[in-house]
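Letter by letter, the chains look like this.
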Amino acid sequence: MPSNYTIIVADDHPLFRAALTQAISTQVKGAKVLEAEHLQQLEDKMQNEVDLVLLDLHMPGASGFSGLIYLRTHFPSVPVVVVSGNEQHLVIYRAMHFGAAGFIPKSSSMTDITQAIKVVLDGGQWVPPDLPEPDQNMDAKDSQFADQLSSLTPQQFKVMVMLTEGLLNKQIAYELSVSEATVKAHVTAILRKLGVYSRTQAVIAAGRLRIEHPQDEAIK
């Protein structure tokens with residue numbers, strides 16, 4: 001599988017990141033592999049020409065599916081494959097509906113991981129075999145929320161994630177190195193775009209992004 005692809009491995013756990021990087025380097029000859037351990041670092045590396053992102057759903061700076069939606073909204077030409085220890089069917093369905101090009105459970109064999117990467121790089125989609133059909137009502141609700149999120153600017157998106165983490169305006173301003181007035185303006189815009197009237201309602205709406213962190217994940 002010779003190539004000159006650039007692939008980003010985005011995972012906050014160094015051991016898994018190193019193992020996946022080594023596997024790609026071995027199986028995808030000539031591929032350039034970049035690593036990111038949090039969302040800001042991933043965003044910085046996305047400024048390069050990238051062919052594929054392998055994304056963990058539990059990265060610092062993101063909340064559940066928010067990192068995936070952020071990438072699909074702001075870097076729509078780059079396919080994203082979710083690599084997760086959470087193998088629930090609902091999580092896989094929602095990841096694909098939010099724009100993932102594939103979903104690789106962390107328990108997958110190296111053969112399956114390599115096959116999935118090859119399929120996606122060739123323009124296809126890959127999910128675990130024998131996955132049943134999803135609930136269409138769930139798809140409609142996720143589509144509406146994904147559309148609302150896609151209208152947020154990158155800075156508004158970051159503020160929204162921090163809201164879901166319970167940060168106050170003062171704390172958000174410190175983290176983003178902006179004024180509290182700027183944060184308040186972002187919050188106002190977020191409420192309008194999500195069609196809600198309070199921070200609490202925004203946090204409840206953003207709950208659609210959350211997924212439960214798997215307790216039995218092998219590495220984390």
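For the structure, see preceding data.
Notes on the structure follow. Computed from a prediction, not measured in an experiment: that's the story for all the values here. (Residues numbered from 1 in each chain as written. Predicted model: local features only at pLDDT ≥ 70, side-chain atom pairs only at ≥ 80, totals over all residues. Heavy atoms only, no water.)

## Re the pairing of strand 2 (residues 32-36)
When a strand is regular, its side chains alternate between the sheet's two faces. We apply this condition: Think of it this way: DSSP has to see at least two bridges between two strands before they count as a pair. The way it works is that DSSP assigns letters per residue, a run of H or I at least four long becomes a helix, a run of E at least two long becomes a strand, and they are numbered from the N terminus. By convention, orient the strands away from the viewer: a clockwise path from the first strand over the helix to the second makes the crossover right-handed.
Pairing between strand 1 (residues 6-10) and strand 2: 5 bridges, direction parallel. Within strand 2, the position partnered with Ile-7 by the bridge is Val-33. Following the chain from strand 1 across helix 1 (residues 14-27) to the adjacent parallel strand 2, one finds a crossover that is right-handed.

## Notes on the environment of Gln-40
Applied cut-off: Only protein chains enter the calculation, and the probe is 1.4 Å; a residue is then buried if its accessible area is under 20% of its type maximum, exposed if over 50%, and partly exposed in between.
If you trace the backbone, Gln-40 turns up in helix 2 (residues 39-45). For Gln-40, a relative accessible area of 36% translates into the label partly exposed. On a C-alpha basis, the gap between Gln-40 and Lys-158 in space is 9.7 Å, while along the polypeptide they are 118 residues apart.

## Some thoughts on the environment of Leu-20
Under the convention used in this document: Note on definitions: a residue-residue contact is assigned when non-hydrogen atoms from the two residues lie within 4.5 Å.
The topology assignment puts Leu-20 in helix 1. Note on Leu-20: relative accessible area 5%, which makes it buried. With 15 residues separating them in the primary sequence, Leu-20 and Glu-35 have C-alpha atoms 9.9 Å apart. Contact partners of Leu-20, with chain neighbours within four places excluded, come to Val-9, Leu-54 and Ile-113.

## Regarding the pattern of salt bridges
As a reminder of what qualifies: Throughout this description, the term salt bridge denotes a Lys or Arg side-chain nitrogen within 4 Å of a carboxyl oxygen of Asp or Glu.
Using the criterion set out here, one finds 5 salt bridges in the structure. Glu-43 is the partner of Lys-158 in a salt bridge, and the nearest nitrogen-oxygen pair spans 3.2 Å. Pair noted here: Lys-158 is in helix 7 (residues 154-164) and Glu-43 is in helix 2, with a separation of 115 residues, a long-range link. Residue classification places Lys-158 among the buried residues on the basis of a relative accessible area of 19%.

## Description of the pairing of strand 3 (residues 52-55)
Side-chain alternation along strand 3 places Leu-52 and Leu-54 on one buried face and Val-53 and Leu-55 on a second face that is also buried. For the segment spanning strand 3, helix 3 (residues 66-74) and strand 4 (residues 80-84), crossover handedness is right-handed.

## Considerations on the nonpolar core
In plain terms, the rule: Nonpolar core, defined: a set of buried Ala, Val, Leu, Ile, Met, Phe, Trp, Tyr and Cys residues in which side-chain atoms within 4.5 Å join the residues together.
Within the largest apolar cluster, 51 residues are counted, with the highest numbers of intra-cluster contacts made by Leu-42, Met-46, Val-53, Leu-55 and Leu-68. Tallying contributions element by element places helix 7 first for this core, with 6 residues. Those residues in contact with Met-46 that sit more than four places away from it in its chain are Ile-8, Val-53, Leu-71, Phe-75 and Val-78. Within the second largest apolar cluster, 20 residues are counted, among which are Val-28, Val-33, Ile-104 and Leu-121.

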